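Coordinate inspection notes
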Protein chains: 2
Amino acid sequence: MAEKEISQAVIARLPRYFRYLGELKDEGVERVSSQDLSILMHVTASQIRQDFNNFGGFGQQGYGYNVEYLYNEIGNILGLDRTHHLIIIGAGNLGQALANYMNFERRGFIFEGIFDRNSELYGKQLRNLTIQPMEEMESFVKKHDIDIAVLTLPKTAAVEVAETLVNCGIRAFWNFAHCDLNVPEGIQVENVHLSDSLIKLSYNLNTNSHDLEDKDN
Amino acid sequence: MAEKEISQAVIARLPRYFRYLGELKDEGVERVSSQDLSILMHVTASQIRQDFNNFGGFGQQGYGYNVEYLYNEIGNILGLDRTHHLIIIGAGNLGQALANYMNFERRGFIFEGIFDRNSELYGKQLRNLTIQPMEEMESFVKKHDIDIAVLTLPKTAAVEVAETLVNCGIRAFWNFAHCDLNVPEGIQVENVHLSDSLIKLSYNLNTNSHDLEDKDN
């Protein structure tokens, strides 16, 4: 897709552009300038142009970007023109919440299976998915064309399960386990460390209270 | 707490240091060098020293950092020496999953209430919490000393609810709604945009397949 290496900071901003462009498209907006996008998204117009220049600039004319074209182009860059097949490992509260969330499917992320160690959960139905025993995971992955494994299991189990899955051919992990995965090069990991995120909020909350006190003086 | 402005990139790395130091502490390790931490955490030792220098360096001696001291100091910087009181707005799958997750409490993040618009959920018990009607939210926040609101509700409702909560005195949002909040200065927002995270993984997965092909040539 992209010929040159794009920084992860730019890539992390692309889904947000995609989200705003989708909203503009849904509202029937046909053209948008980097200025207007800038005001809407609270980033500078020059940041937007720089980010877009990584991908050839998307041909902004004097009168702005074509919203639908830009939306589709960024979608293609993000791989959203393809369908991805996912399994969820760990059918606790979070795993079940993700399995039940339908918006991922709208973007082409299809949950194909969900697995857990807890035999009390076997057979439980979540929408069109049935919770299966962990023992079934390997053969399931080998039989189906699974791209992404979602890890919503305790950290004590995550590392070993990830190893098994790499050996089965899984190339991407969406990791909610509270640990880092050491995977071979070429395997993609996107971490969602909820505790880390909440702790960062705690820092900013506590630091800001001091800032405010300083400002009052 | 911190006297000078620390970059958000450094702050985002602190919870990870805290996590690794906690594990070392639990394993009974008393001292660790930046070298050892570097190998463990897959970051450079110079990055670690630079990050720590933002907070005075934590007095590494020739023989490394005192693990328990460093763990406690970073915990204090992160505000984890205090208790935080949270409410959850939106008792769908994700809101319930968070309410049921006990590890946040271990870090001093106490869920005090959970609210939803759906009358079928009223009265449902999640551990020690009872799902309450949204109409109770304002008076609840005013009566209790709530620091952080967790938004696990649809984006169509999130912006308005956040506004109400700001007016009730909430100063920090942990936002899972698929939108950005425009809050007044001094109000902290930490976003967890799950779709954006999954889409970023999709980009890296699809781009990497090309990288691999290039390497094969």
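A look at the side chain of histidine 193 of chain A
- Following the sequence through the fold, histidine 193 of chain A ends up in the loop between strand 9 (188–191) and helix 9 (194–216).
- Overall, histidine 193 of chain A belongs to the buried group, its relative accessible area being 12%.
- In this structure the side chain of histidine 193 of chain A is engaged in a polar contact, spanning 3.4 Å, whose partner is the side chain of arginine 19 of chain B.
- When residues no more than four places from it in sequence are discounted, the contact partners of histidine 193 of chain A are Asn175, Ala177, His178, Cys179 and Asp180 of chain A together with Arg19 of chain B.

Side note on the sheet that holds strand 9 (residues 188–191) of chain B
Residue and element names in this part refer to chain B.
- Here seven strands make up an open sheet; going across it, the order is 5-6-4-3-7-8-9 and the pairing mixed. Looking at strand neighbours, the two that pair on one side only are strand 5 (125–126) and strand 9, the edges of this open sheet.
- Where strand 4 (residues 109–116) lies against strand 6 (residues 129–133), three bridges are found, and the strand directions are parallel. Residue pairing in the sheet places isoleucine 114 in a bridge with isoleucine 131 of strand 6.
- Strands in contact with helix 5 (residues 93–100) are strand 3 (84–89), strand 4, strand 5, strand 6 and strand 7 (148–151); relative to strand 4, the strand with the most contacts, it is inclined by about 155°.
- Running over the sheet, helix 8 (residues 155–167) touches strand 3, strand 7 and strand 8 (172–175) and is turned about 170° from strand 7.

Details of the side chain of asparagine 206 of chain B
- As for its position among the elements, asparagine 206 of chain B is in helix 9 (residues 194–216).
- Polar contacts involving the side chain of asparagine 206 of chain B include one to the main-chain carbonyl oxygen of serine 202 of chain B, which spans 2.9 Å.
- Excluding its chain neighbours within four sequence positions, the residues that come into contact with asparagine 206 of chain B are Leu78, Gly79, Arg82 and His84 of chain A.

A few points about the relation of the copies chain A and chain B
- Rotating chain A by 180° and moving it 0.0 Å along the rotation axis overlays it on chain B with an RMSD of 0.0 Å. In the structure described here, the two chain copies are related by an operation that fits a two-fold rotation axis.
- The overlap is high: 98% of the interface residues of chain A also sit at the interface in chain B, so the same surface is used on both sides.

Some remarks on the confidence of the model for chain A
- On average, residues of chain A carry a pLDDT of 90, and 93% of them reach 70 or more.
- Contacts of residues 210–217 of chain A to residues separated by more than four positions or lying in other chains number four contacts, the stretch itself having pLDDT below 50.

A word on the nonpolar core
- Ile74 and Trp174 of chain A together with Ile74 and Trp174 of chain B are the most contacted members of the largest nonpolar core, which totals 101 residues.
- Apart from residues no more than four positions distant in its own chain, isoleucine 74 of chain B is found in contact with Leu14, Tyr17, Phe18, Leu21, Phe52 and Phe58 of chain B.

A few points about the packing of helix 1 (residues 8–26) of chain A against helix 2 (residues 34–41) of chain A
Residue and element names in this part refer to chain A.
- Between helix 1 and helix 2, the shortest axis-to-axis distance is 11 Å and the interhelical angle comes to 105°. Looking at the two axes, helix 1 sits roughly perpendicular to helix 2. Between helix 1 and helix 2, the residues in contact are Arg16, Tyr17, Tyr20 and Leu24 and Leu37, Leu40 and Met41, respectively.

Digging into the pairing of strand 9 of chain B
All names here are of chain B.
- Burial along strand 9 is one-sided: the face carrying Gln188 and Glu190 is buried and the face carrying Val189 and Asn191 is not.
- Two elements, strand 8 and strand 9, share four bridges in a ladder whose sense is parallel. Bridge pairing in strand 9 places phenylalanine 173 opposite valine 189.

Structural notes on the sheet that holds strand 8 (residues 172–175) of chain A
All names here are of chain A.
- Read from one edge of the open sheet, seven strands run 5-6-4-3-7-8-9, paired in mixed fashion. Every interior strand has two partners, whereas the edge strands, strand 5 (125–126) and strand 9, have only one.
- Helix-sheet contacts for helix 5 (residues 93–100) involve strand 3 (84–89), strand 4 (109–116), strand 5, strand 6 (129–133) and strand 7 (148–151), and the interaxial angle to strand 4 is about 155°.

Topic: the interface of chain A and chain B
- In this assembly, 65 residues from chain A lie in contact with 64 residues from chain B.
- Of the roughly 6,100 Å² buried between chain A and chain B, counting both surfaces, carbon and sulfur atoms make up 58%.
- Contact with chain B buries surface across chain A, with Leu198, Tyr203 and Leu205 of chain A losing the most and accounting together for 12% of the total.
- Here chain A is connected to chain B by ten salt bridges.
- Between arginine 16 of chain B and aspartate 180 of chain A there is a salt bridge whose closest N-O contact spans 2.7 Å.
- Listing elements by their share of the side of chain A that touches chain B, those giving two or more residues are helix 1, strand 3, helix 5, strand 8, strand 9 and helix 9 of chain A.
- Among the elements that line the side of chain A that touches chain B, the one with the most residues is helix 9 of chain A, at 18 residues.
- Across the side of chain A that touches chain B, the residue classes tally to 32 nonpolar, 19 polar and 14 charged.

Rules of the game
Residues numbered from 1 in each chain as written. Chains lettered and ligands numbered in written order. Predicted model: local features only at pLDDT ≥ 70, side-chain atom pairs only at ≥ 80, totals over all residues. Heavy atoms only, no water. Helix = DSSP H or I, 4+ residues; strand = E, 2+ residues; numbered from the N terminus. Buried < 20%, exposed > 50% of the residue type's maximum accessible area, 1.4 Å probe, protein only. Polar contact = N/O pair within 3.5 Å; in protein donor to acceptor, adjacent residues only side chain to side chain. Contact = heavy atoms within 4.5 Å. Pairing = 2+ DSSP bridges. Axes fitted to C-alpha atoms, helices over the stretch in contact; angles between N-to-C directions. Least-squares fit on C-alpha atoms with pLDDT ≥ 70 in both. pLDDT = per-residue confidence, 0-100. Core = buried A, V, L, I, M, F, W, Y, C linked by side-chain atoms within 4.5 Å. Parallel < 35°, antiparallel > 145°, perpendicular 65-115°, else oblique. Buried area = accessible area lost by both parts, 1.4 Å probe. Salt bridge = Lys/Arg side-chain N within 4 Å of Asp/Glu carboxyl O. Nonpolar A, V, L, I, M, F, W, Y, C, P; charged D, E, K, R; others polar.

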